[in-house]
Amino acid sequence: MSKKQNRKVLIASLVGSSIEWFDYFLYGTVAALVFNQYFFHSDDPTVGLMLAYASFALAFFIRPLGGVIFSHIGDRIGRKKTLVITLTIMGGSTVLMGFLPTYESIGVMAPILLIILRLIQGIGLGGEWGGAILLAVEYAPKEKRGLFGSIPQMGVTIGMLLGTIALSIMTLLPEDQFISWGWRVPFIMSALLVFFGLWIRKGIDETPSFKKAKESGEIAKVPLVETMRTHWKEVIISVGAKVVETAPFYIFGTFIVSYATTQLGFSRTATLGAVTIGTIVTTILIPIMGSLSDKIGRKKLYVGGTVLMALFAFPYFWMLHQGTVAWLIVATVIGLGIIWAPITAVLGTMFSEIFKSNVRYTGITLGYQIGAALAGGTAPLIATALLAAFDNSYVPVALYIILCSVISLVAIVAVRERSNKELDEEEVA
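Residues numbered from 1 in each chain as written. Predicted model: local features only at pLDDT ≥ 70, side-chain atom pairs only at ≥ 80, totals over all residues. Heavy atoms only, no water.

**Some words on the side chain of Q369**
Working step 1: By the secondary structure assignment, Q369 is in helix α15 (residues 360-376).
Working step 2: Note on Q369: relative accessible area 1%, which makes it buried.
Working step 3: Within polar-contact distance, the side chain of Q369 engages the backbone oxygen of L125 at 3.4 Å.
Working step 4: Not counting chain neighbours up to four residues away, the residues in contact with Q369 comprise F60, R63, P64, L125, G126 and W129. (Helix = DSSP H or I, 4+ residues; strand = E, 2+ residues; numbered from the N terminus. Buried < 20%, exposed > 50% of the residue type's maximum accessible area, 1.4 Å probe, protein only. Polar contact = N/O pair within 3.5 Å; in protein donor to acceptor, adjacent residues only side chain to side chain. Contact = heavy atoms within 4.5 Å.)

**Quick look at the confidence of the model for the protein chain**
Working step 1: Across the protein chain, pLDDT averages 86, with 96% of residues at or above 70.
Working step 2: Element-level mean pLDDT values for the protein chain span from 50 in helix α18 (residues 420-428) up to 95 in helix α13 (residues 298-320). (pLDDT = per-residue confidence, 0-100.)

**Description of the packing of aromatic side chains**
Working step 1: Scanning all chains against the criterion turns up 14 aromatic pairs.
Working step 2: Here the aromatic rings of F249 and W340 are separated by 4.2 Å at their centres, their planes lie at 20°, and the arrangement is stacked. You can see F249 sitting in helix α11 (residues 232-263) and its partner W340 sitting in helix α14 (residues 325-352), a full 91 residues away along the chain. Here the two residues F249 and W340 agree in accessibility, since each one is buried.
Working step 3: Note on F255 and Y259: the rings are 5.3 Å apart at their centroids and 25° apart in plane angle, and the pair reads as stacked. Of this pair, F255 and Y259 are both found in helix α11, four residues apart, which corresponds to roughly one turn of the helix.
Working step 4: Since its relative accessible area comes to 2%, Y259 is described here as buried.
Working step 5: Grouping aromatic residues by their ring pairs yields a cluster made of F252, F255, Y259, F312, Y316, F317 and Y394.
Working step 6: Positioned over the ring face of Y27 is R118, at 4.3 Å from the centre of the ring. (Phe/Tyr/Trp six-rings, centres within 6.5 Å; stacked < 30°, edge-to-face > 60°. Lys NZ or Arg CZ within 6 Å of the ring centre and 35° of its normal.)

**Thoughts on the nonpolar core**
Buried together is how nonpolar side chains tend to be arranged in soluble globular proteins.
Working step 1: Counting residues in each nonpolar core, the largest one holds 123 residues, and the members touching the most others are F35, Y250, I251, I256, Y302, Y316 and F317.
Working step 2: Ranked by the residues each element gives to this core, the list is headed by helix α1 (residues 3-38), at 17 residues. (Core = buried A, V, L, I, M, F, W, Y, C linked by side-chain atoms within 4.5 Å.)

**Some words on the packing of helix α3 (residues 79-97) against helix α8 (residues 184-202)**
Working step 1: Running from amino to carboxyl end, α3 crosses α8 at an angle of 165°, the nearest separation of the two axes being 8 Å. Of the possible angle classes, the one that applies to α3 and α8 is roughly antiparallel. Here α3 runs over α8; the crossing is left-handed. Contacts between α3 and α8 involve K80, L83, V84, T86, L87, T88, G91, T94, V95 and M97 from the first element and R184, F187, I188, S190, A191, V194, G197, L198, R201 and K202 from the second.
Working step 2: Considering only residue class, the contact of α3 with α8 consists of 10 nonpolar, six polar and four charged. (Axes fitted to C-alpha atoms, helices over the stretch in contact; angles between N-to-C directions. Parallel < 35°, antiparallel > 145°, perpendicular 65-115°, else oblique. Left-handed = near helix turned anticlockwise from the far one by under 90°. Nonpolar A, V, L, I, M, F, W, Y, C, P; charged D, E, K, R; others polar.)

As structure tokens, then:
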């Protein structure tokens, strides 16, 4: 495949995941700043915040359903068509969120409509990640699978970066203007990104691996059934491996917004600024780590990052409690920027290499989305509940990060890395 085609495929896989995660992190951050007060009405601020985070978590639990629906389409009809549908669904629901009236205007219908759109958003994202990863990995030259598979993972941080920058600009507005209309602007403007993503994706061809599976008649009739019959162990491994990649990430990127502002006295701008810097660092490191995995292996990088994550749990909170913006930035850069990068960089490629091509979309999507539902969407909610239950002590939250690391280390022990030759033979077969 030519360099021009490579570039187009990588942009197509990256642009979609960037837009999806821009939408997603926009919601996660605004949940802590606006939705808790103006959509989930409560006399107790902690209850309002927990209700807002519960709505954030809700979409994670619907994601496996979206994953099953779209991975079925992806393994039966093709990766490309599926990715156009997922982007349209999620992008549309995000734009509509920007037009929603508040609790004050329409009462209980405000949170109901918000939750409905949030669920639609979750269904779209459920099928997006697996398709974006496979688009990159199945087009990749055999010696660059790690690098190619890491590119869609950059979409997570690029999307978060775009969302954080957009909100940082809007938070410069006076408080009353930000609350009345400022927070809505990034949601509505995301329509431009969606149109760009659809234009890029419609201009690419189906992946070589899917074409081979179709030509050889290896398309699974019911991919979900076939996956659970032949690859159930791999699904469980993937769920466990996802835990450390998702829970600490939402602690470092979403929970920190409310924790640093309400518990530690940091300004909103300073907190979002720290997350932005951490995100820039990890965006740069992800392809470097992906390329490194092509040389030393996915498992070594993943294990190294996971061990560091466990070791950093307590130092992270100690740094935050020093009370200075400099320490806030250092803590976020180390956790989100440096330690998390190798874990997420290799995750997609590692998952794709343990499933056969005829059930690959379904397999990696199930593992990823169930893991995200159990550990990702619940992370800010669990962290907030732990703080409330233990007099705002960070110790239980740090122990929670360590527990996530241990779960993933246990899961990854069962993964056997396969050589390029083995993977190529499987594709041919």
